[in-house]
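# Analysis of the macromolecular model
Here is what each chain is made of, one letter per residue.
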Amino acid sequence: GAGVSQSPSNKVTEKGKDVELRCDPISGHTALYWYRQRLGQGLEFLIYFQGNSAPDKSGLPSDRFSAERTGESVSTLTIQRTQQEDSAVYLCASSQSGIRRNEQFFGPGTRLTVL
Amino acid sequence: LAKTTQPISMDSYEGQEVNITCSHNNIATNDYITWYQQFPSQGPRFIIQGYKTKVTNEVASLFIPADRKSSTLSLPRVSLSDTAVYYCLVGPHGSSNTGKLIFGQGTTLQVKP
């Protein structure tokens, strides 16, 4: 079946503009994650959705970042008033619940460049 | 969440066995140990997960001592295509309320011909 897909693959924007990134998880995966990876760095956790539970937003770096998920499907990550420091690859992952939850399947990422 | 420590980089040659050790002194009783592999310009890929003793799959083996304060990922007979960053993560699964996994800096493995 299809893997995790993300769109757009690349996004170039001007400082101060808002951007919206989309993630389509694997069908049937109840958990969905967003990460940020700056050039040459490790992954930085942003937010985690699990079913109908309240999301874990503890990794969002500022109130300019927000994310939503529709049921157990599509998720969007929104960055308002983008700054140059937001430039990074934004990765989405999904997983099953239970013992398989730590086996996350990653999308190809969205490369965001803020000029 | 338990913090992990692993070497920043390692070099190896084709055909050799590579062992990457990760320290996680504060691992909790309900934590599992998970390893991921990441190639340039790609998202990470799950390699293996374990709780104790030894786990083996078609890609790697994971050795976990009785105290679980460390773990070793073993890659048999590496090839050039195994050049990647390897991440060790520790975190709960299943009924735990949080799904957060902390990816550190990882270990950059360079396999040479």
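Residues numbered from 1 in each chain as written. Chains lettered and ligands numbered in written order. Predicted model: local features only at pLDDT ≥ 70, side-chain atom pairs only at ≥ 80, totals over all residues. Heavy atoms only, no water.

Looking at chain A as a whole, its pLDDT mean stands at 92, while 99% of the residues score no less than 70. Within chain A, no element has a lower average pLDDT than strand β5 (residues 43-50) of chain A, which sits at 91, and none a higher one than strand β7 (residues 75-79) of chain A, at 98. (pLDDT = per-residue confidence, 0-100. Helix = DSSP H or I, 4+ residues; strand = E, 2+ residues; numbered from the N terminus.)

Here the structure, examined in full by the defined rule, presents two disulfides over all chains. Through a disulfide, C23 of chain A is tied to C92 of chain A; the S-S separation comes to 1.8 Å. Around the S-S axis, the bridge from C23 of chain A to C92 of chain A shows a dihedral of about -65° and counts as left-handed. You can see C23 of chain A sitting in strand β3 (residues 19-24) and its partner C92 of chain A sitting in strand β8 (residues 88-95), a full 69 residues away along the chain. Looking at C92 of chain A, the relative accessible area reads 0%, which means it is buried. A sulfur-sulfur separation of 2.2 Å characterises the disulfide bridge that pairs C22 of chain B with C88 of chain B. What sets the handedness of the C22 of chain B and C88 of chain B disulfide is the S-S torsion sign, and at about -80° it is left-handed. Taken as a pair, C22 of chain B in strand β2 (residues 18-23) and C88 of chain B in strand β8 (residues 84-92) lie far apart in primary sequence, 66 residues in all. In this structure C88 of chain B comes out as buried when scored by relative accessible area, which is 0%. (Disulfide = S-S within 2.5 Å. Buried < 20%, exposed > 50% of the residue type's maximum accessible area, 1.4 Å probe, protein only.)

Here we take up the environment of F46 of chain B. Within the secondary structure, F46 of chain B sits in strand β4 (residues 45-50). In this structure the C-alpha to C-alpha distance between F46 of chain B and Y36 of chain B, which are ten residues apart in sequence, comes to 4.5 Å. Residues within four places of F46 of chain B in sequence aside, it is in contact with N102, E103 and Q104 of chain A together with T34, W35 and Y36 of chain B. (Contact = heavy atoms within 4.5 Å.)

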